Structure formats: structure tokens, C-alpha cells
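Read off the chains here:
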Amino acid sequence: MGLSAKIEKLLRTLPSVSAVLECEDVQHWLAELPRASVVASVQEAIAQCREQMVCGNVTEAVDLHQVLALAEADLVRRSIPSLRRVINATGIALHTGLGRAPLCEAAIDALVDGAHGYCSLEFDLTTGLRGTRNAHLSDLLAMLTGAEAGTVVNNNAAATLMILNTFAADREVVVSRGELVEIGGSFRIPDILRASHATLREVGTTNRTRLSDYESAICDETAVLLRVHPSNYRVVGFTESTPVSELSALAHRFGLLAVDDLGSGALLDMKAHGLPDEPCVRDSIDAGADLVCFSGDKLVGGPQAGIIVGKREFIDRIESSQLMRTYRVGKLTLLALDATLRQYLDPEMAIEEVPALFMLQVPTEVLVERARDLTSMLKAAMPGANVYEASDVAYAGGGAMPGKELETIVVQWHPEHAGVNDVVSALRAAETPVVARVRDGAICFDMRTIPESDFDTLVDSIATAAAETESGDPGSIRLPVL
Ligand SMILES: *Cc1c(COP(=O)(O)O)cnc(C)c1O
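Residues numbered from 1 in each chain as written. Predicted model: local features only at pLDDT ≥ 70, side-chain atom pairs only at ≥ 80, totals over all residues. Heavy atoms only, no water.

**A word on the overall build of the protein chain**
The condition is simple: Put simply, DSSP H or I for four residues or longer makes a helix, DSSP E for two residues or longer makes a strand, and each gets a number counted from the N terminus. Remark: exposure states derive from per-residue accessible area (1.4 Å probe, protein chains only) relative to the maximum for the residue type, with buried under 20%, exposed over 50%, and partly exposed in between. Contacts between residues were defined by any pair of non-hydrogen atoms, one from each residue, lying within 4.5 Å. His is not counted here, nor are the chain ends, while Lys and Arg score as positive and Asp and Glu score as negative. To locate a charge, take NZ of a lysine, CZ of an arginine, CG of an aspartate or CD of a glutamate.
Scanning the protein chain from N- to C-terminus turns up 20 helices and 15 strands. Projected onto its principal axes, the C-alpha positions of the protein chain cover 85 × 55 × 55 Å. Looking at the protein chain as a whole, 48% of its 482 residues are labelled buried. Long-range contacts, defined here as pairs at least 24 residues apart, represent 74% of the contacts in the protein chain between residues at least 6 apart. Of the charged side chains in the protein chain, 41 are positive and 66 negative; the average position of the first set lies 5 Å away from that of the second.

**Overview of the confidence of the model for the protein chain**
Let me state the cut-off plainly: pLDDT runs from 0 to 100 and stands for how confident the predictor is about each residue.
On average, residues of the protein chain score 92 in pLDDT, and 96% of them are at 70 or above. Per-residue pLDDT stays below 50 along residues 474-482; that stretch engages in 19 contacts with residues further than four places along the chain or on separate chains.

**Overview of the nonpolar core**
Filter applied, for reference: In these notes, a set of buried Ala, Val, Leu, Ile, Met, Phe, Trp, Tyr and Cys residues joined through side-chain atoms within 4.5 Å is what counts as a nonpolar core. An automatic or database domain assignment provides the domain bounds reported here.
The biggest cluster of nonpolar side chains holds 44 residues, and the ones touching the most others in it are Phe294, Val309, Leu341 and Tyr344. The set of elements that each furnish at least two residues to this core consists of helix 7 (135-145), helix 12 (281-286), strand 9 (291-295), strand 10 (306-310), helix 15 (331-343), helix 16 (347-353) and helix 17 (355-361). When residues of this core are assigned to domains, at least three fall in each of domain 2 (87-95 + 360-471) and domain 3 (103-349). Contacts of Leu341, omitting those with residues within four sequence positions, involve Leu137, Leu140, Leu141, Leu144, Leu267 and Val300. In this structure, Leu161, Phe167, Ile189 and Ile192 belong to the second largest nonpolar core, which totals 32 residues.

**Structural notes on the site of the ligand**
Threshold: Residues are counted as near a molecule or strand when any one of their heavy atoms sits within 4 Å of it. Throughout this description, a polar contact denotes any pair of N or O atoms lying within 3.5 Å of each other; where both atoms belong to protein, one of them has to be capable of donating a hydrogen while the other can accept it, and for residues adjacent in sequence the pair is counted only when both atoms sit in side chains. Each residue is assigned to one class: nonpolar for Ala, Val, Leu, Ile, Met, Phe, Trp, Tyr, Cys and Pro, charged for Asp, Glu, Lys and Arg, and polar for all the others, Gly among them.
Contacts to the ligand come from 13 residues, most closely from Ala157, Ser231, Asp261, Ser295 and Lys298. Within the backbone of Ala157, an N or O atom sits 2.9 Å from an oxygen atom of the ligand. Here Asp261 contributes a side-chain N or O atom positioned 2.7 Å from a nitrogen atom of the ligand. Contributing elements (two or more residues each) for the shell around the ligand: helix 8 (156-168) and strand 8 (257-263). Residues of the shell around the ligand, tallied by class, amount to 4 nonpolar, 6 polar and 3 charged.

**Points about the packing of helix 6 (residues 105-116) against helix 15**
Convention followed: Structural elements are reduced to axes, namely lines fitted to C-alpha atoms, with helices fitted over the stretch in contact, and the angle between N-to-C directions of any two is expressed from 0 to 180 degrees. Each angle gets one of four labels, with under 35 degrees taken as roughly parallel, over 145 as roughly antiparallel, 65 to 115 as roughly perpendicular, and the rest as oblique. The crossing is said to be left-handed when, going from far helix to near helix, the turn is anticlockwise and less than a right angle, and right-handed when the turn is clockwise.
Running from N to C, helix 6 and helix 15 point in directions that differ by 150 degrees, and their axes come no closer than 8 Å. On the basis of their axis angle, the class for helix 6 and helix 15 is roughly antiparallel. Where helix 6 crosses over helix 15, the handedness of that crossing is right-handed. Touching Ala106, Ala107, Ala110, Leu111, Gly114 and Ala115 of helix 6 are Lys331, Leu332, Leu335, Ala336, Ala339, Thr340 and Gln343, all from helix 15. Here the contact of helix 6 with helix 15 is built from residues that sort into 9 nonpolar, 3 polar and 1 charged.

**A short note on the domain arrangement of the protein chain**
The domains assigned to the protein chain are domain 1 (5-79), domain 2 (87-95 + 360-471) and domain 3 (103-349). When each unit is reduced to the centre of its C-alpha atoms, the spacing between domain 1 and domain 2 is 39 Å.

**Considerations on unusual backbone geometry**
Apart from glycine, the bulk of residues carry a negative phi angle, and the bulk of peptide bonds sit in the trans form. Although it is not a glycine, Arg100 sits at a positive phi angle of roughly 55 degrees. Mapped onto the fold, Arg100 is located in the loop between strand 1 (87-88) and helix 6. By relative accessible area, Arg100 is classed as partly exposed at 21%. The backbone phi angle of His197 is positive, close to 65 degrees, even though this residue is not glycine. Along the chain, the position of His197 falls in the loop between helix 9 (189-195) and strand 6 (199-203). Taking relative accessible area as the criterion, His197 reaches 51% and is therefore assigned exposed.

**Some points on the pattern of salt bridges**
To be explicit about the condition: In the sections that follow, a salt bridge refers to a side-chain nitrogen of Lys or Arg positioned within 4 Å of a carboxyl oxygen of Asp or Glu.
Applying the stated criterion across every chain, the model contains 19 salt bridges. The residue Asp338 makes a salt bridge to Arg342 at a minimum N-O spacing of 2.6 Å. One end of the pair is Asp338 and the other is Arg342, both in helix 15 and 4 residues apart, which spans about a single turn. Given a relative accessible area of 44%, Arg342 falls into the partly exposed group. The salt bridge partner of Arg437 is Asp446, with a shortest N-O separation of 2.9 Å. Using a relative accessible area of 24% as the deciding quantity, one classes Arg437 as partly exposed.

**Re the packing of helix 4 (residues 35-54) against helix 5 (residues 64-79)**
Running from N to C, helix 4 and helix 5 cross one another at 130 degrees; their axes reach a closest spacing of 8 Å. Taken together, the axes of helix 4 and helix 5 are oblique relative to one another. For the element pair helix 4 and helix 5, the recorded crossing hand is right-handed. Across the interface between the two elements, Ser37, Val38, Ala40, Ser41, Val42, Glu44, Ala45, Ile46, Gln48 and Cys49 from helix 4 touch Val67, Leu70, Ala71, Asp74, Leu75 and Arg78 from helix 5. Partitioning the contact of helix 4 with helix 5 into residue classes produces 10 nonpolar, 3 polar and 3 charged.

**Looking at the environment of Glu32**
With respect to the helices and strands, Glu32 occurs in helix 3 (residues 24-32). Exposure remark for Glu32: the relative accessible area of 49% places this residue in the partly exposed category. It is 22 Å that separates the C-alpha atoms of Glu32 and Leu83, two residues lying 51 residues apart in sequence.

**Some details on the packing of aromatic side chains**
This is how the line gets drawn: Centres within 6.5 Å are what make two rings of Phe, Tyr or Trp a pair, Trp counting through its six-membered ring; a difference in plane orientation under 30 degrees is then read as stacked, over 60 as edge-to-face, and the rest as tilted.
For the coordinates displayed, the defined rule picks out 1 aromatic pair. With a centroid separation of 5.5 Å and an interplanar angle of 85 degrees, the aromatic rings of Phe167 and Phe314 are classed as edge-to-face. Here Phe314 lies in helix 13 (residues 312-319) and Phe167 lies in helix 8, a separation of 147 residues in the sequence. The residues Phe167 and Phe314 share a single accessibility class, namely buried.

Spelled out as C-alpha cells, the structure:
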């Protein structure tokens, strides 16, 4: 189908890429920005005009200014990485969508130091010979959990898969029907089992699984009794599950492995430190589990990683598996994880230093004070704005403490000049984006997940969002200065 003569004529009015590149504004951009980006944006702008003409939305010749405005918008979009720092105002401390745990200062220092130069990743500084990257954390993990040894892989999904692949490929793994969980869509226990070439043997019912259910499922093909922490939900009411100690004793009686996928996994006694209760890795080891795995970036509060601890012979077998090469972590992860784990040598220090833990136990009175400070900063920046403090509930997130509500304090902003959804979008479009939730037409900034050190930036983002929605200018386009 040919285009109508009228559209053909209109298309001929479009400037060429080289003509646009010649104009003065674009020359200024070229002086500051990579040529490839500028050219791509000019091409994109012309292509957009062409498309609008072809589909009949634009019926007049466009002038150069319109092309430049489109090119500038595209250039701004290209110049800002889509993966960048945001302020988490949601109150969910371990928000998977927002990158889970923020790192402690020691981990950040270790990352910066390690990133600047070389490190002894696979080099033994004592002997001067080749070392192994997995050796660095083994002793520390052993000390913190009571296990004989430990190792680290890319994430806990990989940890689970590696354990099952190493010990149960072409054999059976017995799991309670109450624990066939899905965690965040891409991790489902039955799928992980399939991927590891193990066969799932479901036992018990959704709400009750007894030791005898496990025992009657054991056959010649059985390799592992697996327990999975049902991280993001709870079965309440008439329930029964088998303790790890009994499961381990049963496994050992039949020469099988007892494996505990703890999900979040706490490295200290949470309750004793005013934190909401969550299973402790050491308890599983003490209860006789052969291997325990958990995430590095949930309650541990470190970088994304999957941590496996347990009997040395089993850890050694996992480390010599073919899959290790595909799931191993890089030096930056090891540096950050090592620094995070060291905080736990003194539990009091861990709670002070590891942000994920600190946030979860910070007393409400402290949050009240923080909220008061933020409210007055916002009132100063936006005179007349409807801003006030309120109490609310927050959640740990990251599959830790499912359903457990944490008392929290929020600063609420009821924007009266524009629709609340427009303001929420403007907050996401700010130079430092803010992710917040809405309650009763007000935007909530949860004090549990926003440290005071972020207040200046937060107030900037909020005031900019207010000004932009006020003027009806959705994210005024400015070229970033590179
Ligand atoms: C979160 C979780 C996983 C997956 O951990 P990632 O580190 O996100 O890969 C596996 N098992 C359980 C029980 C979990 O809670």
C-alpha cells in the first residue's frame, strides 16, 4: 500500500539528520555529550515525526524546534541510567524491587577499596600459591553459624539448586506439601527441583505434615529430606510441621541428607535483640541439618548472594561441582559480604551497623522524632503544604517475618494542587526518585526505611515534584550536565 501523495509531500518537509546535526543547539550538545547518543536521539526524533505524519496525527510540516525538543527529551532519557539510586519510602525494609538490603558502611568501604585495585581473590597470600575464592568466607561462616564450613554462590535460588543437583540429581527429594512455595514468581520449589534434575516427592497436606509422612515416603531413590521456610506466607490454625531436629534424625537414620532452605536466615538471635522472630541459621545447624542455605541480601543485610553452610564434606562436594563455575560470585560480592558478616562477630555492633537490622528494630520514639524533623523541613520548603505525621504499619519484606506488622511512623503529604497519582509519578521522575505508597489520598513517607541522611535529598525531590505538578509541567526537560 503506497502512502497518499499528501503524506509523501509532508514527509519531504522533514529535515535530514545531517541538517539537524548542523544546527547550533545540537552543536552545543555535541560539545558535551557523546556523538553516538546525540545522533541516535536526532534519528529517533525524526523517526517519531515521520510516524506521526504517516498515521495522520501530524498534518502540517514540523519546524526544527519541535524536532529539537523531541531529540532533547530522548537525549535526557538516554543520558540517565534506568538502574539508579532511589529513596525507599515504602517502609518495606527488604524490598526486592528496590534491591533489598542497603549495605553497611564497612561493606561500602570494602567495595570501594577492592574496586580501586587488585585483590587476593584466588591467591593465597601466605604461600604465594594459587588460592580459591570460596575459601575466604568459610571460617567466618563457620564461626557465625556453628557449621563446619560455608560457601557462597550467586543467590539463594542458586544455592538451593546447587545443593539439590549435587546430592539428588536423578533421585528423589521429599518435601512437605505445606512448603512447596513460590517466592516472587521466579522461584518455585517444584521448578527448582526440576531444574536440578531431582524428582519431587510431596508428602503430608498443606497444613499438616508429620514425621511419619516423611518416613513412609522414603525409598531406595530418596536422597534428601528438604525443609523450606514458607517465607512469604503463613499457615495458621490447625497446623503441624516437623521440626528440623526430627527431620535430621530421620534422614540420618536412613543415610540421607537433611537440607534446610531458610530463605532469609538470621545470624543472630532476633528476639533477644528486640527484632521480630525469624529462624536462626545456628539453630538449624544445632538441630542436625547437614546443609542450610539462605540469602545474603535478606535479613543478613549484605549483597545479593546465596550462602550455604554445613558439614565440610558436603560443602567440598558442592564446591567441586561443575555448576560452581556458573554460580560463583565475583570479588565485589565477596568483599561486601565479608565486611557485612564481620559485623556479626559482635551482635550489638551488627544491629547498629547493618542497616536492614537497624531499621527493623529502631524504636518508634526515634521514628516520631524523625517524622517531626521531616515535617518541618517540608513545611519550610513548601509553605502551606498539607503535611502531617501519622502512625502506620510496615513490613520486613524479603520473605522475612511473613505477615508480621511492624509499628511505624509516616509523614503524610496530601497534595491539594494536583491529583495524587500525578504527584506520585513526578516523585518517581525526580532526579533522586522517591518510591512511596498512597493511603487515603495522601502520599506516605515511611520513617523506618528513610535514614535522616537522605532527608535533604528527599525534600528536594518532593519540592520539585510539587512544583512540576503545580505548573502542569510533567518533568520539565533539562539536559543533564555531564
Ligand atoms: C528468598 C528465598 C529464596 C530465594 O532467594 P534469592 O536469594 O532471592 O535467590 C529461596 N528460598 C526461600 C525459602 C526464600 O525465602
